[in-house]
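Residues per chain, in single letters:
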Amino acid sequence: MLIPEKVRTELKARFKKKMKRKIVLEVFTQQGINDEFNELAIDFANELAELTDKIDVYTFDLDSKMAKNRDVHRSPTILIDPDVYHIRYTGAPAGEEGTSFLDTIIRVSADNPGLKGKMLKVARSIKEPKNIMIFVTPTCPYCPGAVVEAVKLAIANPKHVWAECVEATENMDLVAKYNIKGVPVININGENVAKSLLPEAVFIKFVVQSDIPFFQERKPMNKEFLKRVQKKVSNKDEEERIQKECSCMEDFLSDREPEIDEKDHRYDIIIIGGGPAGLTAAIYTQRAGMRTLVLESKIAGGLAATNPWVENYPAFQNIPGTALAEMIKDHAATYVPIHESEEVLDIKQGKLFKVETDASWYTSRALILATGADHKKLGIEGEEALVGRGVSYCATCDGFFYAKKRILMVGGGNSAVTEAIYMSNLGCQVILAHRRDELRAEKSLQETLATTKTRILWNTEVREIIGSGQVQAVEIYNNKTEATSVMDVNAVFIAIGEVPNNKLAKMVGASLDEKGFIIVDQHCRTDVKGVYAAGDVTGGVNQIITAAGDGAKAAYSAYMDIMSQ
């Protein structure tokens, strides 16, 4: 059994609540090609079907007539309701992308892309064929979010948009063909256009503005959608129910704008940022009776999700960062709505705060800024040009592509040492460059690093990353001997700290320190009335546990201040 009993119970309840109509999963396999993943794909699909009567599973060989009709050539491939949508998973959804697979099933069953207002209108405006491939790896925490963005468009505009999740580890020939060196990669009509998880509006902009022609012949969509569904029922009442549930398809393909109920946009507290700080704050505010909304421009989890292992969070001796982040997210989601891939564009201050996003607007009595931090960059020549071509800030995401190769890890703190250990376990020849003569990482991590074959370059700074389309070497400088040299490497992983995401803090006028972190008091209040801040964006000890603690404090302070008004 692939799905643990506890998860089966949770999925069963989730499917019962959210799935609206029956859908079909078609699994295509070929013996002798990815056999291990073929079995996994079939078993996973069948186990999901056991949890609900709204999933039918059919299996086919690649040499079958159906495979030819569906234009399927890879094993395994899973098509999701192919008579209605062009959505496929090329490779078994065996890792992090499995979450996007479950999300897709629910969205397809409800015929609901989850796009609203202007984003839905823009998605429907696409008139040229767009074949969107998202390259993923099983360990990438950002990849599922990118897949979901493609799926949204495929559901909103089934006539012109195809969405395909390509599991890189199972399709190495495609990795080579499209020169994939990191994930997630967004490929539109055969050309890589971005390597990143993009906010919803930015993702749609990339797709709409892409003028790359698509030459593959497309099979027409089934235009008898409602009839196809209705043929499966004979009871008149059941037919009317199905008709009502599926009527949303007509809305999506029409020019009618969805109605907005202002009451649904009013909150007591809006939390901007879905990392441990923001999610913890959401748990506390909602439980205190405050109507709360979480807005996250990417995916919930924050930088915590990029840690290969977390070994200092209470109750867990060690746990993958992605797993811990998912647990925190699931906990918060039981209390509050979490809007992922929704970027805040503007905040207007008055009697209430009005928060405008790329999808909608909301009002609140208080704001909690938990916008976190981004990976700090070296700021050297070659760095920007070679991102996704050997330059990476996430070993969990991109380490697979450099297994057993020679890589340079830059940094000396917990993140750099953790990722050096991770890459060493992938069989890499790891060289750790640190600008000082001793590491700043925890002693236990240093002891683990000492058990690997990692070579440490002390007092070493990277001056330039060299390569033509791919990292080939680095120029390094010893700040003690003042010697400069060039070293051949296949990739450079950078873990030198974080820079605060303080754009919104500046927008509301909150004071910052000399490094750009938001200044707060001991109760996480900023110097702007009604605005609180928590987590890495406030600086200090950038740890998951302290971010969660800040979130709890900010939530309590916001609650007490609102109640005292």
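Remember, it's a predicted structure, so these values are computed and weren't measured experimentally.

Procedures and definitions
Residues numbered from 1 in each chain as written. Predicted model: local features only at pLDDT ≥ 70, side-chain atom pairs only at ≥ 80, totals over all residues. Heavy atoms only, no water. Helix = DSSP H or I, 4+ residues; strand = E, 2+ residues; numbered from the N terminus. Rg over C-alpha atoms; globule rule 2.2 N^0.38 Å. Contact = heavy atoms within 4.5 Å. Areas by Shrake-Rupley, 256 points an atom, 1.4 Å probe, with all protein chains shown as cover. Lys, Arg positive; Asp, Glu negative; His and termini not counted. Charge placed at Lys NZ, Arg CZ, Asp CG, Glu CD. Axes fitted to C-alpha atoms, helices over the stretch in contact; angles between N-to-C directions. Left-handed = near helix turned anticlockwise from the far one by under 90°. Nonpolar A, V, L, I, M, F, W, Y, C, P; charged D, E, K, R; others polar. Patch = residues over 30% accessible without salt bridge, like charges linked within 9 Å, V, L, I, M, F, W, Y side chains within 5 Å. Salt bridge = Lys/Arg side-chain N within 4 Å of Asp/Glu carboxyl O. Buried < 20%, exposed > 50% of the residue type's maximum accessible area, 1.4 Å probe, protein only. Phe/Tyr/Trp six-rings, centres within 6.5 Å; stacked < 30°, edge-to-face > 60°. Lys NZ or Arg CZ within 6 Å of the ring centre and 35° of its normal. Expected span 1.5 Å × (residues − 1). Pairing = 2+ DSSP bridges. Core = buried A, V, L, I, M, F, W, Y, C linked by side-chain atoms within 4.5 Å. Disulfide = S-S within 2.5 Å.

> With reference to specific residues and values, describe the overall build of the chain.
Helices and strands together make up the secondary structure of the chain, namely 18 helices and 25 strands. Relative to the 2.2 N^0.38 estimate, which gives 24 Å for 565 residues, the radius of gyration of the chain is 24 Å and therefore close to what a compact globule would have. Referenced to the eigenvectors of the C-alpha coordinate spread, the extents of the chain come out at roughly 80 × 65 × 45 Å. Excluding contacts between residues fewer than 6 apart, the proportion of contacts in the chain whose partners are at least 24 apart in sequence is 67%. Surface accessibility of the chain: about 26000 Å² in total, with carbon and sulfur atoms responsible for 49%. The distance from the centre of the 70 positive side-chain charges to the centre of the 78 negative ones in the chain is 3 Å.

> Residues and numbers for the packing of helix α12 (residues 276–287) against helix α18 (residues 544–563), please.
Contact geometry of α12 with α18 gives a least axis separation of 7 Å together with a crossing angle of 35°. Judged by the sense of rotation from one axis to the other, the crossing of α12 with α18 is right-handed. Between α12 and α18, the residues in contact are Pro276, Ala277, Thr280, Ala281, Tyr284 and Thr285 and Ile544, Ala547, Ala548, Gly551, Ala552 and Ala555, respectively. Counted by class, the contact of α12 with α18 contains nine nonpolar, three polar and no charged residues.

> Just give me the short version of a positive patch on the surface, but keep the residues and values in it.
On the surface, Lys376, Arg435, Arg436, Arg440 and Lys515 cluster together into a patch of positive charge. Its place among the elements puts Arg435 in the loop between β18 (429–433) and α16 (443–450). Residue classification places Arg435 among the exposed positions, given a relative accessible area of 51%.

> Lay out the packing of aromatic side chains with the relevant residues and their values.
Counted according to the given criterion, the structure contains eight aromatic pairs. Centre to centre, the rings of Phe44 and Phe101 are 5.8 Å apart; their planes meet at 40°, and the pair counts as tilted. Taken together, the residues Phe44 in helix α2 (residues 35–50) and Phe101 in helix α4 (residues 97–110) connect sequence positions 57 residues apart. The same class applies to Phe44 as to Phe101, namely buried. Three or more aromatic residues link up through ring pairs in this structure, and these residues are Phe44, Tyr89 and Phe101. Directly above the ring of Trp361 sits Lys354, whose terminal nitrogen or CZ lies 5.2 Å from the centroid.

> Account for α2, naming residues and giving values.
Given a rise of 1.5 Å per residue, 16 residues ought to cover 22 Å, and the 23 Å separating the end C-alpha atoms of α2 matches this to within 8%. Along α2, the positions that sit buried rather than exposed are Asn38, Ala41, Phe44, Ala45, Glu47 and Leu48. Lining the buried residues of α2 we find α1 (5–18), β1 (23–29), β2 (55–61), β3 (77–80) and α4.

> Can you lay out the environment of Gly551 for me, pointing to particular residues and giving the numbers?
Looking at the element boundaries, Gly551 is found in helix α18. Apart from residues no more than four positions distant in its own chain, Gly551 is found in contact with Ala277, Ala281 and Ala534.

> Describe the sheet that holds β18, naming the residues involved and giving the relevant values.
Strands belonging to one sheet form pairs held by backbone hydrogen bonds; the direction of such a pair is parallel or antiparallel. Strands sit in the order β16-β23-β17-β18-β19 across an open sheet of five strands; the sheet is parallel. Edge strands, defined here as strands with exactly one partner in the open sheet, are β16 (391–392) and β19 (455–457). Where strand β17 (residues 406–410) and β18 come together, five bridges link them in parallel fashion. By the bridge assignment, Arg406 is partnered in β18 with Gln429. Running over the sheet, helix α15 (residues 414–425) touches β17, β18 and β23 (491–494) and is turned about 165° from β17.

> Any details on the nonpolar core? Residues and values, ideally.
In this structure, Leu48 and Met423 are the most contacted members of the largest nonpolar core, which totals 91 residues. With residues near it in sequence (within four places) discarded, Leu48 still touches Ile3, Leu11, Phe15, Ile55, Phe101, Leu102 and Ile105. Ile283, Met290, Ile319 and Ala547 belong to the second largest nonpolar core, which has 31 residues in total.

> Any chance you could break down the pattern of salt bridges for me, citing the residues and the numbers?
Under the counting rule described, the total for this entry stands at 19 salt bridges. One salt bridge connects Asp346 with Lys348, and the closest N-O pair in it is separated by 2.8 Å. Across the pair Arg525 and Asp561 runs a salt bridge whose closest N-O atoms are separated by 2.9 Å. Taken together, the residues Arg525 in the loop between α17 (503–508) and β25 (531–533) and Asp561 in helix α18 connect sequence positions 36 residues apart. A residue is classified by how much of its surface remains accessible, and Asp561, at 22% relative accessible area, is partly exposed. Through salt bridges that share partners, Arg8, Glu47 and Glu50 make up one connected network.

> So what's going on with a negative patch on the surface? Residues and values would help.
On the surface, a cluster of negative charge is contributed by Asp35, Glu36, Glu39 and Asp43. With respect to the element layout, Asp35 can be found in helix α2.

> Give a detailed account of the state of the cysteines, specifying residues and quantitative values.
Two cysteines form a disulfide when their sulfur atoms are joined by a covalent bond. For the coordinates displayed, the defined rule picks out one disulfide. Two residues share a disulfide in this structure: Cys394 and Cys397, whose sulfurs sit 2.5 Å from each other. On the sign convention where negative means left-handed, the S-S torsion of about 70° between Cys394 and Cys397 marks this disulfide as right-handed. Owing to a relative accessible area of 5%, Cys394 belongs among the buried residues under this scheme. Here Cys428 stays unpaired: no disulfide links it, and the sulfur of Cys394, its closest cysteine neighbor, is 14 Å away.

> Please provide a residue-by-residue account of the sheet that holds strand β22 (residues 484–488), values included.
In spatial order, the strands read β20-β21-β22; together these three strands make up an open sheet with antiparallel pairing. Every interior strand has two partners, whereas the edge strands, β20 (460–467) and β22, have only one. Across the sheet, the axes of successive neighbouring strands diverge by a mean angle of 25°, strand direction being ignored.

Taken by themselves, the reported measurements are silent on function.
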